[in-house]
Structure formats: structure tokens, C-alpha cells
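Okay, here's what each chain looks like letter by letter:
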Amino acid sequence: FISGAAFCALLAGCSSGLRGTYTDSLGAVILELRSGGNARFTFSGDVEDCTYTADKATLTLTCKGDANPTVFTIHGDGSLTVPASAFMPPLRKEKS
């Protein structure tokens, strides 16, 4: 039996193309996707350590202390959005 994480690693990192820093247009929301499924989420200066998983269509972010994970839709242009009820603007990857 191979765990999902191990299988993903065998396939050269399922979400490695997503790694990087995503921000909203004002810079109030920052999502840093790091290697190993680790992430840092900043909202209005409040920083949380998180983990993430991703497939082709969604990115699931789980932060310490959150009752439920946040599920982002991954769009063809690389932007990330959540349902409108979450009141979070679209996040776009910063150019490196």
C-alpha cells in the first residue's frame, strides 16, 4: 500500500507547479505555497502556518485552528478563487 503523498512524490510532485506566492490585488491576502505541502497564509497581517493538497482543479488549504479546510478552484490562468460566500478576492501568482 502506498499513501497518496508517497504516490504523489513518485510522480515528481503533483503540485510543484503551484508553488510560489499568490496575492490579491491589494496585497492584503498572501498565500505562500511551499514544497512538501507546506503553506503560509497571511490575511491583513495575521500569519498562519498551513498545509495544502492539490489536484488539477482544486487546492485544499488546511490551517491550524480552522474547523474546515478552504477549497480553492484552480483556473486555467493560474489564479485561485474560493466560493463567493468566503469573501476572499481572487489570488494571482506573483511573477518571480
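Conventions adopted
- Residues numbered from 1 in each chain as written.
- Predicted model: local features only at pLDDT ≥ 70, side-chain atom pairs only at ≥ 80, totals over all residues.
- Heavy atoms only, no water.
- Buried < 20%, exposed > 50% of the residue type's maximum accessible area, 1.4 Å probe, protein only.
- Helix = DSSP H or I, 4+ residues; strand = E, 2+ residues; numbered from the N terminus.
- Pairing = 2+ DSSP bridges.
- Core = buried A, V, L, I, M, F, W, Y, C linked by side-chain atoms within 4.5 Å.
- Contact = heavy atoms within 4.5 Å.
- Polar contact = N/O pair within 3.5 Å; in protein donor to acceptor, adjacent residues only side chain to side chain.
- Salt bridge = Lys/Arg side-chain N within 4 Å of Asp/Glu carboxyl O.
- Disulfide = S-S within 2.5 Å.

Draft legend 1. Representation of the pairing of strand β5 (residues 58-63) within the structure. The alternating pattern of β5 places L59, L61 and C63 on a buried face, while none of T58, T60 and T62, on the opposite face, is buried. As judged from the 5 bridges shared by strand β4 (residues 46-54) and β5, these two strands associate in the antiparallel manner. For T51, the partnering residue across the bridge sits in β5 and is T62. Between β4 and β5, which follow one another and run antiparallel, lie 3 residues. Judged from the 4 bridges that link them, β5 and strand β6 (residues 70-74) form a sheet pairing that is antiparallel. Within β6, the position partnered with L59 by the bridge is F72. Hairpin connection from β5 to β6: 6 residues lie between these consecutive antiparallel strands, with G65 at a positive phi of about 90°.

Draft legend 2. Molecular detail of the nonpolar core. L31, L33, L59, L61 and F72 are the most contacted members of the largest nonpolar core, which has 17 residues in total. Of all the elements in the fold, those that place two or more residues in this core are β2 (29-33), β3 (38-43), β4, β5 and β6. Those residues in contact with L33 that lie beyond four places of it in its chain are L18, R19, G20, Y22, N38, A39, Y52 and L59.

Draft legend 3. Looking closely at the side chain of D24. Tracing the backbone shows D24 in the loop between β1 (20-23) and β2. A polar contact is formed between the side chain of D24 and the backbone nitrogen of G27, at a distance of 2.8 Å.

Draft legend 4. Seen up close, the pattern of salt bridges. Throughout the structure, instances matching the rule amount to 3 salt bridges. Among the ionic pairs, R34 bridges to E32, the shortest N-O distance being 3.3 Å. Its relative accessible area of 34% is what places R34 among the partly exposed residues. Here E32 falls in the partly exposed class, since its relative accessible area comes to 23%. Ionic pairing is found between R40 and D49, a salt bridge with its closest N-O pair at 3.2 Å. The partly exposed category is assigned to R40, whose relative accessible area is 27%.

Draft legend 5. Region of the structure containing the state of the cysteines. The tally for this structure, following the rule as stated, stands at 1 disulfide. Note on cysteine connectivity: C50 is disulfide-linked to C63, with sulfurs 2.0 Å apart. For the disulfide bridge between C50 and C63, the dihedral angle about the S-S bond is near 90°, and by the sign convention the bridge is right-handed. With C50 in strand β4 and C63 in strand β5, this pair connects stretches of sequence that are 13 residues apart. In this pair, the class of C50 matches that of C63, namely buried.

None of this, on its own, says anything about what the molecule does.
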